[in-house]
Amino acid sequence: MKAALMSSAGCTNRRMKSGRAVRHLIQRCWRPGAIDVLHEAHGGKEATVYCCQAHPSTGVEYLAAKIYRPRMFRSLRNDAIYRFSRVQRDEQGQAEHGNSRRGSAATRKTERGRAAQVASWIEYEYQTQRLLYAHGANVPRPFAQIGNAVLMEYIGAVGDPAPRLNDVMLAQEEAQPLFECILRNVELALSHGRIHADLSAYNVLYWQGTVTLIDFAQAVDPYHNSDVFSLFARDIERTCQYFARYGVNRDAHELVRKIWTYHMGPIPELA
Ligand SMILES: Nc1ncnc2c1ncn2[C@@H]1O[C@H](COP(=O)(O)OP(=O)(O)OP(=O)(O)O)[C@@H](O)[C@H]1O
Ligand SMILES: [Mg+2]
């Protein structure tokens, strides 16, 4: 028996006003344009995700439009470990590299600087998703980034967005292969210079027996800053914890050590 749904994401027609604004934004800024916003798939603190009818030229039937709230800036994203582990852009659009701590502080002081930084975070999320999709990762196919919106393949059916792993009960026989699949994705990402850095059962969608990793908003580059080893370890630990309830018992520390040393060399604490 396949996974049983324990609770489904809210899916109503409320906020259709913002739905119209989303359609307007997309039609104005994205060449394939003409799409219809069908319903809200998720309304959260930081982002709203809409299910949209895709233009035939995209080759997919539905798109997910993830729209960040204006002026959003997650407090977590202000953590130095995230800030200094990726390229960000200042208000002139110039890249600020990982170690430019003074530059970043100056940029954050002004409204425009802050806005540029938020845009830079969203751009990084989109570019990460593009990179991983191009290398065959199980992530929604990304289509475009327009300001504070990211357009990507929609996972689920109309009115029935794919639940998160956290919201389903897996069949016993599914657990091991799904665990291996997530681990393969974590390793694939590391081998291409990315760590998800917020991986948990809340950021994995389950649909028709397959898993899709989402929400790369906090992704970091291990070549920028080796302090991110702890984020990599946490991603694997949370994955192991989740699957342990299904009897998938893997030693998280051993997996972390094996995968990191194979791709990155010595573990930072031991180096
Ligand atoms: N491509 C997609 N297809 C279907 N549903 C999606 C897709 N992307 C996101 N969602 C839905 O939107 C939710 C929020 O997406 P995501 O995790 O990327 O944003 P978030 O930054 O965590 O948002 P918030 O903090 O506001 O909850 C997901 O849990 C999922 O229910
Ligand atoms: Mg999320």
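Structure: see above.
Residues numbered from 1 in each chain as written. Chains lettered and ligands numbered in written order. Predicted model: local features only at pLDDT ≥ 70, side-chain atom pairs only at ≥ 80, totals over all residues.

Structural notes on the nonpolar core
Operational definition: Each nonpolar core reported here comprises buried Ala, Val, Leu, Ile, Met, Phe, Trp, Tyr and Cys residues connected via C-beta atoms within 7 Å. Here a residue counts as buried when 20 or more other C-beta atoms sit within 10 Å of its C-beta, as exposed when there are 12 or fewer, and as partly exposed otherwise, the C-beta atoms being derived from the backbone. Placing C-beta atoms from the backbone, we regard two residues as in contact once those atoms come within 7 Å.
Grouped together as the largest cluster of nonpolar side chains are 60 residues, with contacts concentrated most on Y50, C52, L63, A64, A65, L151 and I195. For L63, the residues in contact, after removing those within four places along its chain, are I35, C52, A54, T58, F143, L151, M152, E153 and Y154.

So, the site of ligand 1
Put simply, the rule is: Here, nearness means that the C-beta atom of a residue, built from backbone geometry, sits within 6 Å of the molecule or strand in question. By definition, any uninterrupted DSSP run of H or I lasting at least four residues is a helix, any uninterrupted run of E lasting at least two residues is a strand, and each is numbered from the N terminus. Charged residues are taken to be Asp, Glu, Lys and Arg, nonpolar residues to be Ala, Val, Leu, Ile, Met, Phe, Trp, Tyr, Cys and Pro, and polar residues to be all remaining types, Gly included.
Inspection of the region around ligand 1 gives 23 residues, with H42, G44, V49, A64 and D215 positioned closest. At the level of elements, β2 (36-43), β3 (47-53), β4 (62-68) and β8 (149-153) are the ones that each hand at least two residues to the shell around ligand 1. Residues belonging to the shell around ligand 1 are distributed by class as follows: 13 nonpolar, four polar and six charged.

Focus: helix α5 (residues 172-191)
Just so we agree on the cut-off: Expected helix span is taken as 1.5 Å per residue step, with the number of steps being one fewer than the number of residues. Arc, as used here, means the arc of the directions from the helix axis to the C-beta atoms.
With 20 residues, α5 should reach 28 Å at 1.5 Å per residue; the first-to-last C-alpha distance of 30 Å fits that figure. Taken residue by residue, α5 has L178, F179, I182, N185, V186 and A189 as its buried positions. One face of α5 carries all of its buried residues, which in axial projection span an arc of 125 degrees. For α5, the elements touching its buried residues are α4 (111-134), β12 (204-207), β13 (210-213) and α6 (229-244). Of the residues one or two after α5, G193 is the one with positive phi, at around 75 degrees.

Looking at the packing of α5 against α6
Inclusion rule: Working convention: axes come from line fits to C-alpha atoms, limited for helices to the stretch in contact. Angles between N-to-C directions cover 0 to 180 degrees. Under this scheme an angle from 65 to 115 degrees is roughly perpendicular, one under 35 degrees roughly parallel, and one over 145 degrees roughly antiparallel; angles in between are oblique.
Contact geometry of α5 with α6 gives a least axis separation of 10 Å together with a crossing angle of 175 degrees. In this view, α5 runs roughly antiparallel relative to α6, as classed from their interaxial angle. Contact residues: A175, F179, I182, L183, V186 and L190 in α5; F232, D235, I236, T239 and F243 in α6. Among the residues making up the contact of α5 with α6, the classes are represented as nine nonpolar, one polar and one charged.

Observations regarding the packing of α6 against helix α7 (residues 252-264)
To keep it simple, the criterion reads: What makes a crossing left-handed is the near helix being turned counterclockwise from the far one by less than a right angle; a clockwise turn instead makes it right-handed.
Two elements in contact, α6 and α7, have axes whose closest approach is 9 Å; the angle formed by their N-to-C orientations is 135 degrees. As far as their axial angle goes, α7 and α6 are oblique. In this structure, the crossing between α6 and α7 has a hand that is right-handed. Touching F229, F232, A233, I236, E237 and C240 of α6 are A252, L255, V256 and W260, all from α7. Considering only residue class, the contact of α6 with α7 consists of nine nonpolar, no polar and one charged.

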